[in-house]
Amino acid sequence: AQSVTQLGSHVSVSEGALVLLRCNYSSSVPPYLFWYVQYPNQGLQLLLKYTSAATLVKGINDFEAEFKKSETSFHLTKPSAHMSDAAEYFCAVRSSGNTPLVFGKGTRLSVIA
Amino acid sequence: DAGVTQSPTHLIKTRGQQVTLRCSPKSGHDTVSWYQQALGQGPQFIFQYYEEEERQRGNFPDRFSGHQFPNYSSELNVNALLLGDSALYLCASSLIGDQGGANVLTFGAGSRLTVL
């Protein structure tokens, strides 16, 4: 069975500081991994996805994530936080085909001016 | 291009009642998945519909049922509502077989259900 663990339910950073949101996965087969963002009162929006083509994945709004098989991790980073990045971030995993996407519990990012 | 639209956006029901939530998928998509997102939690998979049939189901009781129409739109029905059913219900659409496991779900803004 697949699962995702997001370390830290709440992360707070200063504007302009590095953003690091942690995600560890469990999968019996090579996984497909996703990061979604949810702004207040909105649905989930895809930030980026890992599909085995490259271990470093670049997404929208300068976010990127690195797949590390040895650490079973897929952490999300952004070099410089903006106030507009304040939102809930979800890591998700799928094993293959059209199996359901399994989400972590999310990490709420706060950006302090 | 309209994305995924859901209705209603908010609703309040009492215990024991029944509710129907509606979803129109993104243009060009043929598959609809429903997720339940409780407060402070990640989305939990309820079920997926393709070709008007339930194809996969998560760990939800039979009180949760659905339907997909020929135009690919979908409904989620919940009977005998419990307080614990209070949540944001998200609909997501996709195109079956597109990119295999890398298939991307497009989400609607959700329907927030409060059960009193």
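Residues numbered from 1 in each chain as written. Chains lettered and ligands numbered in written order. Predicted model: local features only at pLDDT ≥ 70, side-chain atom pairs only at ≥ 80, totals over all residues. Heavy atoms only, no water.

1. Considerations on the overall build of chain A
And step 1. Of the regular secondary structure elements, chain A holds zero helices and eleven strands.
And step 2. Each helix and strand of chain A, placed in order from N terminus to C terminus, yields the pattern β-β-β-β-β-β-β-β-β-β-β.
And step 3. Over its C-alpha atoms chain A spans a radius of gyration of 13 Å, differing by no more than 12% from the 13 Å that the globule rule assigns to 113 residues.
And step 4. Expressed as a percentage of contacts within chain A between residues at least 6 apart in sequence, the contacts between residues at least 24 apart total 56%. (Helix = DSSP H or I, 4+ residues; strand = E, 2+ residues; numbered from the N terminus. Rg over C-alpha atoms; globule rule 2.2 N^0.38 Å. Contact = heavy atoms within 4.5 Å.)

2. Some details on the overall build of chain B
And step 1. Counting secondary structure elements, chain B contains zero helices and eleven strands.
And step 2. What you see in chain B, going N to C, is helices and strands ordered as β-β-β-β-β-β-β-β-β-β-β.
And step 3. For chain B, the spread of C-alpha atoms along the three principal axes comes to 40 × 30 × 25 Å.
And step 4. Nonlocal contacts in chain B, meaning residues at least 24 apart in sequence, comprise 54% of its contacts between residues at least 6 apart.
And step 5. Total accessible area on chain B is roughly 5,400 Å²; 49% of this is exposed by carbon and sulfur atoms. (Areas by Shrake-Rupley, 256 points an atom, 1.4 Å probe, with all protein chains shown as cover.)

3. Remarks on the interface of chain A and chain B
And step 1. Each side of the interface is counted separately: chain A has 22 residues, and chain B has 22 residues.
And step 2. Joining chain A to chain B, the criterion identifies zero salt bridges.
And step 3. On inspection of chain A and its partner chain B, the count reaches four residue pairs in polar contact (both at pLDDT 80 or more).
And step 4. For the side of chain A that touches chain B, the secondary-structure elements that each account for two or more residues are β4 (32–38), β5 (44–50) and β9 (87–94) of chain A.
And step 5. A per-element tally of the side of chain A that touches chain B places β4(A) first, with four residues. (Salt bridge = Lys/Arg side-chain N within 4 Å of Asp/Glu carboxyl O. Polar contact = N/O pair within 3.5 Å; in protein donor to acceptor, adjacent residues only side chain to side chain.)

4. Describing the environment of B:Leu95
All names here are of chain B.
And step 1. Turning to its location among the elements, Leu95 is positioned in the loop between β9 (87–94) and β10 (106–107).
And step 2. Sequence separation between Leu95 and Leu105 is ten residues, and the spatial gap between their C-alpha atoms is 8.6 Å.
And step 3. With near-sequence residues (within four places) excluded, Leu95 lies in contact with Gly28, His29, Asp30 and Asn103.

5. Notes on the nonpolar core
And step 1. Of all hydrophobic cores here, the largest spans 27 residues; its most connected members are A:Trp35, A:Leu48, A:Phe74, A:Leu76 and A:Tyr89.
And step 2. Elements that contribute at least two residues to this core include exactly β2 (10–14), β3 (19–26), β4, β5, β7 (64–68), β8 (73–78), β9 and β11 (107–112) of chain A.
And step 3. The next biggest cluster of nonpolar side chains, apart from the first, holds 20 residues, and it includes B:Phe47, B:Phe60, B:Phe64 and B:Val78. (Core = buried A, V, L, I, M, F, W, Y, C linked by side-chain atoms within 4.5 Å. Buried < 20%, exposed > 50% of the residue type's maximum accessible area, 1.4 Å probe, protein only.)

6. Some details on the sheet that holds strand β7 (residues 64–68) of chain B
All names here are of chain B.
And step 1. Spatially, β1-β3-β8-β7 is the arrangement adopted by the four strands of the open sheet, whose pairing is antiparallel. With one partner strand each, in any of the chains shown, β1 (5–7) and β7 form the two edges of the open sheet. On average, each strand axis in the sheet is tilted by 20 degrees relative to the strand beside it, whichever way the strands run.
And step 2. Of the strand pairs in this sheet, β7 and strand β8 (residues 74–78) are connected by five bridges, and their pairing is antiparallel. (Pairing = 2+ DSSP bridges. Axes fitted to C-alpha atoms, helices over the stretch in contact; angles between N-to-C directions.)

7. What to know about the sheet that holds β8(A)
All names here are of chain A.
And step 1. The strand order β1-β3-β8-β7-β6 describes an open sheet built from five strands, whose pairing is antiparallel. Looking at which strands have only one partner, the edges of the open sheet turn out to be β1 (3–7) and β6 (56–58). Strand-to-strand twist of the sheet, defined as the mean angle between neighbouring strand axes without regard to direction, takes the value 20 degrees.
And step 2. One ladder, built from three bridges, connects β6 with β7; its direction is antiparallel. Bridge pairing in β7 links Lys58 to Glu64.

8. As for the state of the cysteines
And step 1. Under the definition given, this model contains two disulfides over all chains.
And step 2. Paired by a disulfide, A:Cys23 and A:Cys91 hold their sulfur atoms 2.0 Å apart. On the S-S bond that ties A:Cys23 to A:Cys91, the torsion sits near -60 degrees, and the link is left-handed. Taken together, the residues span a long stretch of sequence, with A:Cys23 in strand β3 and A:Cys91 in strand β9 at a distance of 68 residues.
And step 3. Given the relative accessible area of 0%, A:Cys91 is considered buried.
And step 4. With its sulfur 1.8 Å from that of its partner, B:Cys23 forms a disulfide with B:Cys91. One quick way to see it: the torsion about the S-S bond of B:Cys23 and B:Cys91 is about -60 degrees, and its sign makes the bridge left-handed. One end of the pair, B:Cys23, is in strand β3 (residues 19–24); the other, B:Cys91, is in strand β9, with 68 residues separating them in the sequence. The same class applies to B:Cys23 and to B:Cys91, which are both buried. (Disulfide = S-S within 2.5 Å.)

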